Amino acid sequence: MPKSLRKKRISVAILGCVGVPAQYGGFETLAENLVYYHRDHVQDVNLAVYCSSVAYYEKVEKFETASLRYIPLNANGKPAMFYDMWSLIDAAFRGTNVVILLGHGGSFVIPILKLVTKTKFITNIDGIEWRREKWSGLARAIIRRSEACAVRHSHVLIADNDAIRDYIAKEFDEGCEVIPYGGDHALSAEPDSAAVATLPESYALALCRIEPENNVAMILEAFATLDAPLVFVGNWDKSEYGRNLKARYANHSNITIHDPVYEPRGLRAIRDRASMYIHGHSAGGTNPALVEMMHFAIPILAHGCSFNRFSTEEKARYFTCAAELVEQFSSLSREEGTQLGAEMGEIARRRYTWDQIGKAYFKLLGD
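Residues numbered from 1 in each chain as written. Predicted model: local features only at pLDDT ≥ 70, side-chain atom pairs only at ≥ 80, totals over all residues. Heavy atoms only, no water.

Focus on the packing of aromatic side chains
- Applying the stated criterion to the full structure yields 5 aromatic pairs.
- For the pair tyrosine 36 and phenylalanine 63, a centre-to-centre distance of 5.9 Å together with 45 degrees between the ring planes defines the contact as tilted. Here tyrosine 36 is found in helix α2 (residues 26–41), whereas its partner phenylalanine 63 is found in strand β3 (residues 62–63), with 27 residues between them in sequence.
- Here tyrosine 36 falls in the partly exposed class, since its relative accessible area comes to 23%.
- Residue phenylalanine 63 is classed as buried on the basis of its relative accessible area of 12%.
- With a centroid separation of 5.3 Å and an interplanar angle of 70 degrees, the aromatic rings of phenylalanine 223 and phenylalanine 329 are classed as edge-to-face. Of this pair, phenylalanine 223 sits in helix α7 (residues 216–223) while phenylalanine 329 is found in helix α12 (residues 322–331), placing the two residues 106 residues apart along the sequence.
- The ring of tyrosine 318 is capped by arginine 309, whose NZ or CZ atom sits 4.3 Å from the centre of that ring. (Phe/Tyr/Trp six-rings, centres within 6.5 Å; stacked < 30°, edge-to-face > 60°. Helix = DSSP H or I, 4+ residues; strand = E, 2+ residues; numbered from the N terminus. Buried < 20%, exposed > 50% of the residue type's maximum accessible area, 1.4 Å probe, protein only. Lys NZ or Arg CZ within 6 Å of the ring centre and 35° of its normal.)

Next comes the structure, spelled out in structure tokens:
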């Protein structure tokens with residue numbers, strides 16, 4: 001622990017996520033694992049986590065060593081920015097020494113809070129959110145302004161990927177810390193065999209939110225031409241985009257369109273049986289689903305964007321269209337797949353464990 005943390009007991013608040021215990025999502029998993037690190041290593045820091053009261057029927061006061069504070073707004077969707085602002089204002093006026101803001105949605109209030117409080121603001125900038133296809137022109141403009149506000153006014157900026165760091169340097173001429181996500185928690189749950197009872201004995205696995213920037217259509221188009229099983233797990237019924245793809249590909253004999261799985265034991269079983277992971281994400285930074293699957297030490301075929309290349313140290317196989325995915329899949333020999341899987345596992349153990357991530361976050365408190 002940094003010496004500066006031993007001098008006096010400080011207060012820290014984590015906000016910008018739905019809350020803990022994590023139900024689903026990368027930021028929620030990050031917050032939960034920061035609480036575990038705090039429990040095991042940093043007990044002389046008072047820790048609080050802000051939660052959406054909408055998401056938790058039972059509003060307990062503590063989770064492990066963290067106090068929980070509830071904001072009566074949804075943490076996602078249209079209210080998200082106001083949820084973050086409310087959390088920031090509440091934390092700052094409680095005299096919180098350090099705020100860890102996950103995402104930049106509430107950053108518009110940071111310049112004002114810096115004038116009237118002594119709170120230190122550490123912001124995880126997340127991905128390049130404004131580039132996502134789902135946003136309209138107005139929403140995209142607001143998100144870009146929010147991003148700029150976070151970059152300019154946070155005391156410390158965190159990027160979860162080297163490509164995000166390079167983007168911040170180019171766009172704003174600012175530096176930032178690079179701290180990715182951990183993925184070793186994906187191996188902690190005991191597998192539930194019932195979750196794979198109807199699945200093939202071996203398959204390529206794709207798992208994501210069903211959104212255009214995750215190149216869901218591209219992956220399905222590729223496997224519709226292959227004589228190989230694909231299990232694709234996602235929230236298909238959430239959008240018209242997902243429902244249309246589900247209707248189009250559900251009858252392909254080698255493609256299993258699977259509903260989302262959030263329960264850790266079921267998810268572990270589905271991942272255990274996969275012989276390959278197909279990662280279509282092309283936006284964001286270090287994607288939690290990718291680093292989690294790297295811990296399973298199986299070959300990974302990933303979209304060739306800079307984020308995925310940095311995360312896998314240029315050692316995965318990459319595609320940018322359906323034809324390239326077919327070619328990469330078809331040309332991968334058993335021996336090459338074994339070697340590729342071993343390399344993914346080695347990178348994951350070296351870079352993406354929660355003990356390393358927690359240590360890096362809490363070190364920033366005393367800098």
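Focus on the pattern of salt bridges
- Enumeration according to the criterion identifies 16 salt bridges in this entry.
- The salt bridge involving glutamate 64 is made with arginine 39; its shortest N-O contact spans 3.3 Å. Of this pair, glutamate 64 sits in the loop between β3 and β4 (66–71) while arginine 39 sits in helix α2; the two residues are 25 residues apart in sequence, bridging distant segments of the chain.
- Connected through shared salt-bridge partners, Glu313, Glu346, Arg350 and Arg351 make up one network. (Salt bridge = Lys/Arg side-chain N within 4 Å of Asp/Glu carboxyl O.)

Digging into the sheet that holds strand β5 (residues 98–102)
- Strand order in this open sheet of 8 strands is β3-β4-β2-β1-β5-β6-β7-β8, and the pairing throughout is mixed. Unpaired on one side and paired on the other, β3 and β8 (177–178) mark the two borders of the sheet.
- Where strand β1 (residues 10–15) and strand β2 (residues 45–52) come together, 5 bridges link them in parallel fashion. From the neighbouring strand, serine 11 faces β2, where its bridge partner is asparagine 46.
- Taken strand by strand, α2 contacts β1, β2, β3, β4, β5 and β6 (120–124), and its axis lies near 155 degrees from that of β2. (Pairing = 2+ DSSP bridges. Contact = heavy atoms within 4.5 Å. Axes fitted to C-alpha atoms, helices over the stretch in contact; angles between N-to-C directions.)

Notes on the packing of α2 against helix α14 (residues 354–365)
- Taken N-terminus to C-terminus, the directions of α2 and α14 make an angle of 80 degrees; their axes are 9 Å apart at the nearest point. Between α2 and α14, the angle is such that the two are roughly perpendicular. Along the contact surface, α2 presents Thr29, Leu30, Asn33, Leu34, Tyr37, His38 and His41, while α14 presents Trp354, Asp355, Ile357, Gly358, Lys359, Tyr361 and Phe362.
- Tallied by class, residues from the contact of α2 with α14 come to 7 nonpolar, 5 polar and 2 charged. (Parallel < 35°, antiparallel > 145°, perpendicular 65-115°, else oblique. Nonpolar A, V, L, I, M, F, W, Y, C, P; charged D, E, K, R; others polar.)

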